[in-house]
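Descriptive analysis of the structure
Residue-level listing of the chains:
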Amino acid sequence: MEFITQPWPWYVSGTLIGMVIPALLLSGNKAFGISSTLRHICAICIPANIAFFKHDWKSQTWNLFFAIGIILGGFIAVHFLGGQHPVAINPQTTTILKQQGVKDFNGLLPKDIFSFQQLLSLRGFIFIVVGGFLVGFGTRYAGGCTSGHSIMGIASLQWPSLAATCCFMAGGILTTWFILPYLLKL
Amino acid sequence: MRNIKYLITGALFGIVLVKSEVVSWFRIQEMFRFQAFHMYGIIGSAIIVGLISIQIIKRFKIKTIDGEDIVIPEKKFHWGNIYGGLIFGLGWAITGACPGPLFAQVGGGFLIVAVTLVSAIAGTWTYGLIREKLHH
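Looking at the secondary structure, you find Phe52 of chain A in the loop between helix H3 (36-45) and helix H4 (61-80). Taking C-alpha positions, Phe52 of chain A is 9.6 Å from Cys42 of chain A, a pair spaced 10 residues apart along the chain. Apart from the residues lying within four places of it in its own chain, the contact partners of Phe52 of chain A are Arg39 and Arg140 of chain A together with Tyr127, Gly128 and Arg131 of chain B.

All names here are of chain A. Phi at Asn29 is positive, roughly 60°, even though this residue is not glycine. Within the element layout of this structure, Asn29 appears in the loop between helix H2 (10-28) and H3. You can call Asn29 buried: its relative accessible area is 17%. For Leu157, which is not glycine, the phi torsion reads 55° and is therefore positive.

Attention now goes to the confidence of the model for chain B. Predicted coordinates in areas of low pLDDT are best not read in detail. A residue-level look at chain B finds 100% of positions with pLDDT of 70 or above and a mean pLDDT of 97. In the predicted complex, the global pTM is 0.97; the interface-specific ipTM is 0.97.

Right, let's get into the domain arrangement of chain A. Residue and element names in this part refer to chain A. Annotation of chain A at the domain level lists domain 1 (1-85) and domain 2 (89-186). Distance between the C-alpha centres of domain 1 and domain 2: 19 Å. Opposite the 14 residues of domain 1 that make contact, domain 2 presents 14 residues. Here domain 1 packs against domain 2, burying approximately 1100 Å² in sum over the two surfaces, 69% of which is carbon and sulfur.

Okay, the state of the cysteines next. One pass over the full model with this rule turns up 0 disulfides over all chains. Not part of a disulfide, Cys45 of chain A finds its nearest cysteine sulfur in Cys42 of chain A, a span of 7.9 Å. As a non-bridged cysteine, Cys98 of chain B has Cys145 of chain A as the owner of its nearest cysteine sulfur, 6.1 Å distant.

What counts, and where the lines are drawn
- Within every chain, residues take consecutive numbers counted from 1 along the sequence as written.
- In the order they appear in the text, chains get letters beginning with A and ligands get numbers beginning with 1.
- At least 70 in pLDDT is required for a residue's local features to be given in this predicted model, at least 80 for side-chain atom pairs to be given and counted, and no such filter applies to totals for whole chains, interfaces and linings, which use all residues.
- Neither water nor hydrogens contribute to the side-chain values; these are computed over all heavy atoms in the structure.
- Only DSSP runs of H or I reaching four residues or more are called helices, and only runs of E reaching two or more are called strands; each is numbered from the N terminus.
- We call two residues in contact whenever any of their non-hydrogen atoms come within 4.5 Å of each other.
- Accessible area is worked out with a 1.4 Å probe on protein chains only. A residue is then buried under 20% of its type maximum, exposed over 50%, and partly exposed in between.
- Here pLDDT means the predictor's own confidence in every residue, given as a number from 0 to 100.
- For the purposes of this description, domain bounds are those given by an automatic or database domain assignment.
- Summed over both partners, the accessible area lost on bringing two parts together, with a 1.4 Å probe, is the buried area.
- By definition, disulfides here are pairs of cysteine sulfur atoms that lie within 2.5 Å.

Structural data, given as C-alpha cells:
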C-alpha cells in the first residue's frame, strides 16, 4: 500500500499511460485523445447551427465515457490513494516561483492563484478563465492535445503530430520564460 | 453498456494522472523551465510503450476483441497544427493543465477548475464559430 500512496515514479506512470493506447485500440478501435470531448460537448450543449458541431458525435460517445472516467479517477486518486500533497519539485523552481509571486506550495495547484476568491481578480481571471479558453481554442485548432498528438500521434509515427508537439512546447516555454513573470505579478 | 470499458480505462488513466503529479501546475512549470526530467520521462516512456504496442499490433495483425481490423486514423498536416499548437502551449503554461488533467483536477476536488474547463469548452466553441476564417 505504501507504494500506491506515494507519488508514482515517471517510468511507472509513463508505462501505464502508454498502455492506454493498446487498451483503447484492442477494446474497440479507439484512438487515444481527449480534446475531442470538448468538441462533442459543444455539439451536444450549444451547437448553434455551426457546421463544425454537426459532426457525428453520437459515434464518439466512448470519448465522453472516457472523460467521465478521468473525473472518477481523479476523485479516487485524491480521496483514497493519497493524491493530494505538496509536490516535491526542484527547489530552484520553487525559488523562482516564490520570487515571481506564488505563495502556496501545499498542494497540486497553488491556491493563491486557483481559487474562487481569486476568480474576480485580474490575475485569477487570466489563469483560470483566459488560460482555459486558450487550451480549448488551441487544441481544437491544432487538431489534438498532449494525448492525441504528443502521445498517440507520435507513437503512431505521424509527423504532423510531432510538429504540433514542438509547437506546444515552444508556446509553453516562451510563455513560461517571457510572459508568466508579468502575469504572476498582476 | 459497451461504453463501460472506456469509463474504466478513463478512471485508471485519471488515477495515473494524479499519482504521477502530471495534474500539478508545479510539475508543468518545472517542465517548461527544464528543471526536472519527470514530465519528459513520463511523456517519453508513454510514447515508447505506445509505439512498441502499435508495432506489435501491426506486425502480428492483432484484431480488436470484436474481431475488427485495427485502423489508426491518419493525421494530415495543416497550419493549424502550428498556430493552434502555439496557442495551446500558451494556455498550457498558464493553466498548468492540458484537457486530460483538467478533468482529473475537477474530479480531485479542485472545483475552481470546472470554470477553466467550461472556458476551454467556450474556446473550442469559438474555434468552431470562426473556423472558416482561420488559416489552416
